[in-house]
Amino acid sequence: MTLKIPKEAKDAAKQLENAGYAAYLVGGCVRDLVVGKKPKDWDIATNATPEEIQKVFPESVYENNFGTVGVKTGSNDETLKILEITTFRSESVYEDRRHPKEVKFVSTIEEDLSRRDFTVNAMALALTGNKKLKTNNSYKLSVGSDLLLVDPFGGQKDLKKKIVRAVGNPRERFQEDALRLMRAVRFAVELDFKIDPPTQEEVAKNAGLIEEIAKERIRDEFTKIIMSDRAAEGIILLEDAGLLKYIVPELREGIGCGQNKHHIYTVFEHNVRALNYTAEKGYSFKVRLASLLHDVGKPRVKRGDGPDSTFYNHEVVGARMALKIMDRLKFPKELVEEVGHLVRYHLFYYNVGEVTEAGVRRFLARVGPENVDDLLKVREADRIGSGVPKAFPYKLRHLLFMIEKVKRDPISPKMLKVNGTDVMKILNVAPGPKIGWILTILLEEVLDDPKKNEEKYLDGRVGYLGMLSDKELKKMSEKARETKEEFEGGAEAEMKRKYSVK
Ligand code: ATP
Ligand code: MG
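The rules behind these values
Here the residue numbering is sequential within each chain, running from 1 through the sequence in written order. Here the convention is simple: chains get letters from A, ligands get numbers from 1, in the order in which they are written. Given that this is a predicted model, residues contribute local features only at a pLDDT of at least 70 and side-chain atom pairs are listed and counted only at 80 or more, while totals for whole chains, interfaces and linings are drawn from all residues. Hydrogen atoms and water are omitted, and side-chain values are computed over all heavy atoms in the structure. Being near a molecule or strand, for a residue, means having at least one of its heavy atoms within 4 Å of it. Two N or O atoms count as a polar contact when they lie within 3.5 Å, although within protein this holds only if one can serve as hydrogen donor and the other as acceptor, and sequence-adjacent residues are included solely when both atoms are side-chain atoms. The numbering of helices and of strands both runs from the N terminus, where a helix is a DSSP run of H or I of at least 4 residues and a strand a run of E of at least 2. Residues are grouped as follows: Ala, Val, Leu, Ile, Met, Phe, Trp, Tyr, Cys and Pro are nonpolar; Asp, Glu, Lys and Arg are charged; every other residue, Gly included, is polar. Domain ranges listed in this record stem from an automatic or a database domain assignment. Exposure classes here rest on a 1.4 Å probe applied to the protein chains alone. A residue is buried below 20% of its type maximum, exposed above 50%, and partly exposed in between. Any pair of residues with heavy atoms lying within 4.5 Å of one another is described as a contacting pair.

With respect to the site of ligand 1
- Around ligand 1 there are 14 residues in total, and Arg31, Lys40, Asp177, Arg180 and Arg186 lie nearest to it.
- Between ligand 1 and Asp117, the relevant distance is 3.1 Å, taken from a nitrogen atom to a main-chain nitrogen or oxygen of the residue.
- In the environment of ligand 1, an oxygen atom lies 2.9 Å from a nitrogen or oxygen atom belonging to the backbone of Asn121.
- Counting only elements with at least two residues in the shell around ligand 1, the list comes to α2 (28-35) and α7 (179-191).
- A per-element tally of the shell around ligand 1 places α7 first, with four residues.
- Taken together, the residues of the shell around ligand 1 sort by class into one nonpolar, three polar and ten charged.
- No fewer than three residues from each of domain 1 (7-161) and domain 2 (166-247) sit in the shell around ligand 1.

Listed below in structure tokens is the structure:
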């Protein structure tokens, strides 16, 4: 076996060894090297204390009190810019299944490896230049002329067998730190491995402990699952392991929830298949999550059963659910809103010849031109995930053509040739709700006919509208807001789709 170790990592280990310390590559990078994947980061473990590490590397930054020192290498490679060097440690006493009560420095790599979660993550790689390593322990394997693999828990064997297996007693390990429940699933999907049955059994038995874990940590593992190529398998595995009910229980409402004659899959299966498509395509996290959640509202609005069941308003209910789910998982507010928005508008109806340019402008005004790409991706995922894809590409191309056509037309109040200040000047009034009502009414007219976006005409309209009572203006602006573009989703679209001839 030849393992390619970058010069930066080798040099850092050598520097520590030259100063009289032991140094090993550990964790994810060793695992990835052995399976031939490019490591995401390079971690080094050593018996030097943080203060001693800093003396060896004057350029280092000691960021926290857990014994990790960041060493700048000057490399241009993102994964090598900073090497994390950590003092051998054990975390034997866990206070609350989250944080080790204390970080205890230990003197051997074996002790350090024994606190790690899974066997494939509990291997260490040393440069054989270090004389201290020449022992006869059977788990130390020479892997190449200048490398020694320290593998006390059979990580290499498990890599070959493609299994994720806890180091030591799985029950104890999950009870120490319940995040490992999620990590077991995450590594299984990232590596395309199975979870070893005794380990999986303990994941299922201890699934409820995940509730004690900080949402941010769960979010980070969940994100990695969604971003893996096998994201869909990850969701199924979370369900099989009894974890989904603590993370996104709303998705489980779709299990066994049959749909109507347009669908062959249950709601759950359809959502998961939509996610699968986006993962295959390598789409963004936002699109993946929106696709997974796009029909999450269906079970709650389902009426009737069998081929004619309906799901009116599921995009509105689903969007609200998506916001709640993501909020709960502590995703950043902006992302939460963007995903909610995609779920809200995923169900638009578009048919060549039925939709006018004004309709396309209203669609753009509602959805936001910057979201069209993502929305179409979610729509694609919806279509492919249904298992019965209807001809869409032509319609899609046509919609894009229409969007191109109206792209420069005014679709937001900001794009109107009069603004709030103008309105106040013309009418000689102070700021107030009236200004907003008038702009909304004007925009509605301009969405219908962009030629009306002309200063003289709009000034005249402002003068006229200014004469109306507040009550009338308010009513008119509310009506303008309610105008639906012709291919807005929801009940109407569903009716159309149901009864239109295809
Ligand atoms: P990735 O390639 O995604 O970074 P990784 O294996 O490096 O995967 P990290 O979360 O970066 O995973 O953790 C680095 C190493 O630290 C792991 O390989 C494992 O040995 C150890 N580790 C991390 N988290 C835990 C945990 N909760 N319990 C035990 N060991 C852990
Ligand atoms: Mg890592």
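Read on for the rest.
Considering the environment of Val164
- In this structure, Val164 sits in strand β11 (residues 163-164).
- Residue classification places Val164 among the buried residues on the basis of a relative accessible area of 0%.
- For the pair Val164 and Arg344, spaced 180 residues apart in the sequence, the C-alpha separation amounts to 38 Å.
- In this structure, Val164 is in contact with Phe118, Ala184, Phe187, Ala188, Phe193, Lys194, Ile195, Asp196 and Thr199, ignoring residues within four places of it in sequence.

Digging into helix α18 (residues 357-367)
- Where burial is concerned, most of α18 is hidden: eight out of the eleven residues are buried.
- Among the residues making up α18, those that are buried are Ala358, Gly359, Val360, Arg361, Arg362, Phe363, Leu364 and Val367.
- Where α18 is buried, its residues contact α17 (333-344), α19 (372-385), α20 (393-406) and α22 (433-448).
- Gly368, located one to two residues past α18, shows a positive phi value of around 90°.

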